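A closer look at the structure
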Amino acid sequence: MASAPDTVITQPPRVAVIFPGQGSQAVGMTSELAELYPQIHDTFAEASTALGEDLWAICQNEEQLNQTQYTQPALLTASIAIWRIIQDKLDKKPLYLAGHSLGEYSALCAAGVISLTDAVKLVHKRGQLMQEAVVGIDTAMAAVLGLEDSRVETLCEQATEHVDNAIVGAANFNSPGQVVISGNAAGVTAVIDKVQNTGKKAIPLKVSVPSHCALMEPASQALAEELATIKFDQATIPVIQNRHARIETNVQSIKQALTEQLSEPVLWSKTMQELADKQINILIECGSGNVLSNLAKRQAQPIASYPVDKPARMDKLMEVLS
């Protein structure tokens, strides 16, 4: 499959911004940008005051940073801090926003749907609810490589039906040939065995919570109650949400999509296809690392994607857009 170009854009730029999810966090994220841009420390100070936790200190502490209830607000804050820099640099608003799993909250915050104050509190609570939902349960996630989406779904269904107490399903449709599965250890192990029998790879992931599967249904119900208490505004930039890979146009639909997202799969490949269909030719990955930019190269219609979590990467994007 062809890779997306990464240096030359021959058409007028049609820009979308994408926000990464849990797993992309890194100790010291945004530190290099913080030396150049006051927006970084200002944003972290605002979010820390709202949450009552020193999120900048948490980003320097690996053990704390990798605890789900801290990972989520820390990563969202990092993403919004970088977004604020990008806003100042772009001549025009991006045409669309999207975020992978947790990154959807960053996208909605960037779009003005939810304030940073409310967003960090909400995702902190989301992390707590996710952790509480699986107390005492042996859980797992794994990345399945090289199989069609439908084949992975079939293997999950077979494991659920034929393996005692198995709970497993497709959690993230990341790119053609990459599907993440999630569930209890019995279910995920059974699917890994089935995948290996086909000659393909299934790689266990180091995660504390099995996102986007049936085990998250109690957390999803509790999250709906939290969402009902928070003021959402109309988006200033359209956000393509994970649940259906579409733009929801009213507040209640946005909240419903967030509620269902917790226990339903992330349709990232479809989201990327939606952006391709809308003639987007530049993606800006606004957060820690370059996970989504790497996935963008593997889509059916690759789009050039630029991470901006370091000064050199930020400079490269501005060179491309100049």
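Up top you'll find the structure we're talking about.
Criteria and cut-off values
Counting from 1, residues in each chain are numbered in the order their sequence is written. Restriction of local features to residues with pLDDT of at least 70 applies here, the model being predicted, together with a cutoff of 80 or more for giving and counting side-chain atom pairs; totals for whole chains, interfaces and linings are based on all residues. Values shown for side chains rest on all heavy atoms present in the structure; no hydrogens or waters enter the calculation. Only the contacting stretch of a helix is used when fitting its axis, a line to C-alpha atoms as for every element, and angles between N-to-C directions run 0 to 180 degrees. Helix and strand assignments follow DSSP, with helices taken as H or I runs no shorter than four residues and strands as E runs no shorter than two, numbered in order from the N terminus. Any angle from 65 to 115 degrees is called roughly perpendicular, while one under 35 is roughly parallel, one over 145 is roughly antiparallel, and all others are oblique. For any pair of crossing helices, the crossing counts as left-handed if the nearer helix is rotated counterclockwise from the farther one by less than a right angle, and right-handed if it is rotated clockwise. Any two residues having at least one pair of non-hydrogen atoms within 4.5 Å are treated as being in contact. Any residue outside Ala, Val, Leu, Ile, Met, Phe, Trp, Tyr, Cys, Pro, Asp, Glu, Lys and Arg is labelled polar, Gly included; the first ten of those are nonpolar and the last four are charged. Each residue after the first adds 1.5 Å to the expected span of a helix. Throughout this description, buried means an accessible area under 20% of the type-specific maximum (1.4 Å probe, protein chains only), exposed means over 50%, and partly exposed covers the range between. Should DSSP find at least two bridges between two strands, the strands are taken to pair.

1. Thoughts on the packing of helix H2 (residues 38-51) against helix H5 (residues 68-89)
Two numbers describe how H2 lies on H5: the axes approach to 9 Å, and their chain directions differ by 140°. One finds that H2 runs oblique with respect to H5. In this structure, the crossing between H2 and H5 has a hand that is right-handed. Between H2, through Gln 39, Ile 40, Thr 43, Phe 44, Glu 46, Ala 47 and Leu 51, and H5, the contact on the second element is made entirely by Pro 73, Ala 74, Thr 77, Ala 78, Ile 80, Ala 81, Ile 82, Arg 84, Ile 85 and Asp 88. Here the contact of H2 with H5 is built from residues that sort into 11 nonpolar, 3 polar and 3 charged.

2. Here's the deal with helix H7 (residues 116-133)
With 18 residues, H7 extends 25 Å from end C-alpha to end C-alpha; this agrees with the ideal 26 Å at 1.5 Å per step. What H7 keeps buried is the set Leu 116, Ala 119, Val 120, Leu 122, Val 123, His 124, Arg 126, Gly 127, Leu 129, Met 130 and Ala 133. Residues of H7 that are buried sit in contact with H2, H5, helix H6 (103-110), helix H10 (217-228) and helix H11 (251-261).

3. Describing the environment of Ala 26
Its place among the elements puts Ala 26 in the loop between strand E1 (15-19) and helix H1 (31-34). When its relative accessible area of 33% is taken as the criterion, Ala 26 is described as partly exposed. In this structure, the C-alpha to C-alpha distance between Ala 26 and Thr 71, residues 45 residues apart in sequence, is 9.6 Å. Excluding residues that lie within four positions of it along the chain, Ala 26 makes contacts with Cys 59, Leu 65 and Ser 288.

4. So, the sheet that holds strand E2 (residues 96-99)
The 6 strands lie next to each other as E8-E7-E2-E1-E9-E10, forming an open sheet whose pairing is mixed. The strands lining the two open edges of the sheet, one partner per strand, are strand E8 (246-247) and strand E10 (304-307). Relative to E2, E1 runs parallel, the two sharing 4 bridges. Residue Ile 18 lies in a different strand from E2, and its bridge partner there is Ala 98.

5. Quick look at the environment of Leu 258
With respect to the helices and strands, the residue Leu 258 is situated in helix H11. Here Leu 258 falls in the buried class, since its relative accessible area comes to 0%. A sequence separation of 16 residues divides Leu 258 from Asn 242, and the C-alpha atoms of the two residues are 8.2 Å apart.

6. Overview of the pairing of E1
Within E1, 5 of the 5 residues are buried, leaving the element largely enclosed by the surrounding structure. Bridging between E1 and strand E9 (residues 282-285) involves 4 bridges; their strand directions are parallel. Bridge pairing in E9 links Val 17 to Ile 284.

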